[in-house]
Amino acid sequence: MTVPDPHGSRAPSSRRALRDAHQRAAARRAAGADESVSTQPIAIVGEAARAGDAEPSHPPIFKPPPPPLRPGMARAPLPSRAPLVAQGGDVAARHARRRHLARGQRRFGARITLAAASVVALAAGTTGIAIALTPPGAAPHAVVTTDVITGSQTDATGEATDAATHSPTATSATLAAGDVDRQRVAPASLPLCASPSFTAALARHDDVAAIEAAGGGARFRDAVASGQAPCVQLSDPTRLWVVVDKRRPYQPIDYAPAPLKPAAGVHSVEGDLLRHDAADALTRMVGAAAKAGVGEIGLQSGYRSFATQQRSYAYQVDLRGTAKADLVSARPGYSEHQSGLTGDLVACTAGRCGSLDELARSAQGRWLAAHAWEYGWVVRYEPGRTGETGYLSEPWHLRYLGTELSTAYRAGGFHTLEEFFGLPAAPDYHR
């Protein structure tokens, strides 16, 4: 039996002594010496021998040599071994190998988890999933949040890290420390109706600020048209974005806006009142047209009350009959004029204004068609849209939306408010 080296390895001198004994035994057998088994001393080298002492620190241990070979057989060479290191270095190497193996296992587990979460995210149509993982070599509570779509990670302190090296990178959502095994789905963006700035502007009844908080007219329109802004009521007659048509009457039916005022510097034929924001915008637009040299623009008719519209519609029915009257005049409670945000415009020259039908052929009408949106106005009833609006073309009928929404309306190539806000067509009244 061999006594283990107290330092975990056998010294080279011991191996040389063993080989020398084997060689002497083989020589004796070749010379016809006694084939009986003999023993040879094998020195066990301790600390004294390693230090260079002449004698080992303990007595030799005797071990019989290997049995003789049969004729025709060759002994296999001893396997070569790399020089061994001291005990301390060997332990450190074993620990390093264990750490490396554990780190590889953790990385493999993380890849499996991320791959599974990616499949779930793609199947559910999710754009962002955050998963809490413990990075290799980190403390148990050093949580890293990984977005499986973008690959970005964030540690528990809020610092973004790279998915592979955990070095600082772009920011992402962070999970609380300790939530290593939990997976959370994070929204791609905050819903419009959950935005504090947007809801605060709505509460103040500041429509312009609300649209700005939404990111502008186009984003506001997209959210409303896609149904992602349920807090925005298109039936609210006090709002810039109210939609009134043959399927959407006022609520209440006899709604009256306030305050109303005349548009300063604008010639009025019949009714000169508009809602204050629309009146100011009309003043600016008429002034810009005059500066552009296209001539004077007048207001044929602005705000009409519920009672006024009753008389106007009754006149058209008497003149044309109900079916034809419905193509040119709104029933009481369904007229855009009742909002105070609509004006019928005419071309004027030297204080004399033409008819509504003459506007489209005038320089003023052409200028309005090209530039009204710059001042927050759009032509509400365009040619060829009767099937959507229920009215014949009225190039003189302009509706005020504010510059943010009118810009989005123009840029998006829309032709009706129903189309703009994703509403059903309203070609006739519900009966």
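Since this is a predicted model, take the numbers as computed values, not measurements.

Undergrad: Can you walk me through unusual backbone geometry in this structure?
TA: Most of the time, phi is negative for any residue but glycine, and the peptide bond is trans. Cis peptide bonds are those with omega within 30 degrees of zero, and the linkage from Gln-251 to Pro-252 qualifies with 5 degrees. Note the cis peptide between Ala-258 and Pro-259, where omega equals 0 degrees. If you check the backbone angles, His-205 has positive phi at about 65 degrees while not being a glycine. What makes His-205 partly exposed here is its relative accessible area of 40%. Phi angles above zero are rare outside glycine, and Ala-350 is one such case at about 55 degrees. In this fold, Ala-350 is placed in the loop between β11 (342-349) and β12 (352-353). Assessed through its relative accessible area of 79%, Ala-350 is described here as exposed.

Undergrad: What's the story with helix α4 (residues 196-204) in this structure? I'm lost.
TA: Every α-helical turn comprises 3.6 residues, leaving residues that sit three or four positions apart pointing alike. Within α4 the residues assigned to the buried category are Phe-198, Ala-201 and Leu-202. Down the axis of α4, the sector holding all buried residues measures 100 degrees, keeping them to one side. Opposite the packed face of α4, turned more than 90 degrees from it, sit the exposed residues Pro-196, Ala-203 and Arg-204. For α4, the secondary structure elements touched by its buried residues are α5 (207-213) and α6 (217-225). Remark: His-205 follows α4 within two positions and exhibits a positive phi of approximately 65 degrees.

Undergrad: Got a minute to help me understand the state of the cysteines in this structure?
TA: Put plainly, two cysteines are in a disulfide when a covalent bond ties their sulfur atoms together. Inspection of every chain in the model, using the stated rule, returns two disulfides. With a sulfur-sulfur separation of 2.0 Å, Cys-193 is cross-linked through a disulfide to Cys-231. Here the disulfide of Cys-193 and Cys-231 is left-handed, its torsion about the S-S bond being about -90 degrees. Of this pair, Cys-193 sits in the loop between β7 (183-185) and α4 while Cys-231 sits in the loop between α6 and β8 (260-262); the two residues are 38 residues apart in sequence, bridging distant segments of the chain. The disulfide partner of Cys-348 is Cys-353, and the gap between their sulfur atoms is 1.9 Å. Given an S-S torsion of about 95 degrees, the disulfide between Cys-348 and Cys-353 has right-handed geometry. You'll find Cys-348 and Cys-353 in the same group, each marked buried.

Undergrad: Whenever I open this one, the layout of surface pockets confuses me. Can you help?
TA: By rolling a water-sized probe across the atoms, one finds the places where empty space is left. In this model, the largest pocket occupies a volume close to 550 Å³. In this structure, the largest pocket is lined by 26 residues; those nearest its centre are Arg-304, Val-328, Asp-344, Leu-356 and Trp-396. Elements supplying a minimum of two residues to the lining of the largest pocket: β10 (296-301), α8 (306-320) and β14 (394-400). Class assignment of the residues belonging to the lining of the largest pocket gives a composition of eight nonpolar, eleven polar and seven charged.

Undergrad: Would you explain the pattern of salt bridges in this entry?
TA: Note that side chains of opposite charge can pair when their charged atoms are close. Summed over the entire model, instances satisfying the criterion amount to twelve salt bridges. The partner of Asp-236 in a salt bridge is Arg-239, with the nearest N and O atoms 3.5 Å apart. A relative accessible area of 23% places Asp-236 in the partly exposed class. One salt bridge in this structure joins Arg-380 and Glu-418, with 2.9 Å as the shortest N-O distance. Of this pair, Arg-380 sits in strand β13 (residues 377-381) while Glu-418 sits in helix α13 (residues 417-420); the two residues are 38 residues apart in sequence, bridging distant segments of the chain. Grouping residues by exposure puts Arg-380 and Glu-418 together as buried. Through salt bridges that share partners, Glu-336, Arg-380, Arg-399 and Glu-418 make up one connected network.

Undergrad: Can you help me understand the nonpolar core in this one?
TA: Among soluble globular proteins, nonpolar side chains are generally buried collectively. Among the nonpolar cores identified, the biggest contains 30 residues, and Leu-282, Met-285, Leu-345, Trp-367, Leu-368 and Trp-377 are the most heavily contacted of them. Only α7 (276-291), β10, β11, α10 (363-371) and β14 provide two or more residues apiece to this core. Top element by residues in this core is α7. It accounts for eight residues. Counting 26 residues, the second largest nonpolar core, distinct from the first, contains Ala-210, Phe-220, Val-232 and Val-378.

Basis of the calculations
Residues numbered from 1 in each chain as written. Predicted model: local features only at pLDDT ≥ 70, side-chain atom pairs only at ≥ 80, totals over all residues. Heavy atoms only, no water. Buried < 20%, exposed > 50% of the residue type's maximum accessible area, 1.4 Å probe, protein only. Helix = DSSP H or I, 4+ residues; strand = E, 2+ residues; numbered from the N terminus. Arc of directions from axis to C-beta. Contact = heavy atoms within 4.5 Å. Disulfide = S-S within 2.5 Å. 1 Å grid on protein atoms, 1.4 Å probe; cavity = no way out; pocket = protein on both sides within 12 Å on 5 of 7 lines; lining within 4 Å. Points joined across faces, edges and corners; volume = space filled by probe spheres on them. Nonpolar A, V, L, I, M, F, W, Y, C, P; charged D, E, K, R; others polar. Salt bridge = Lys/Arg side-chain N within 4 Å of Asp/Glu carboxyl O. Core = buried A, V, L, I, M, F, W, Y, C linked by side-chain atoms within 4.5 Å.

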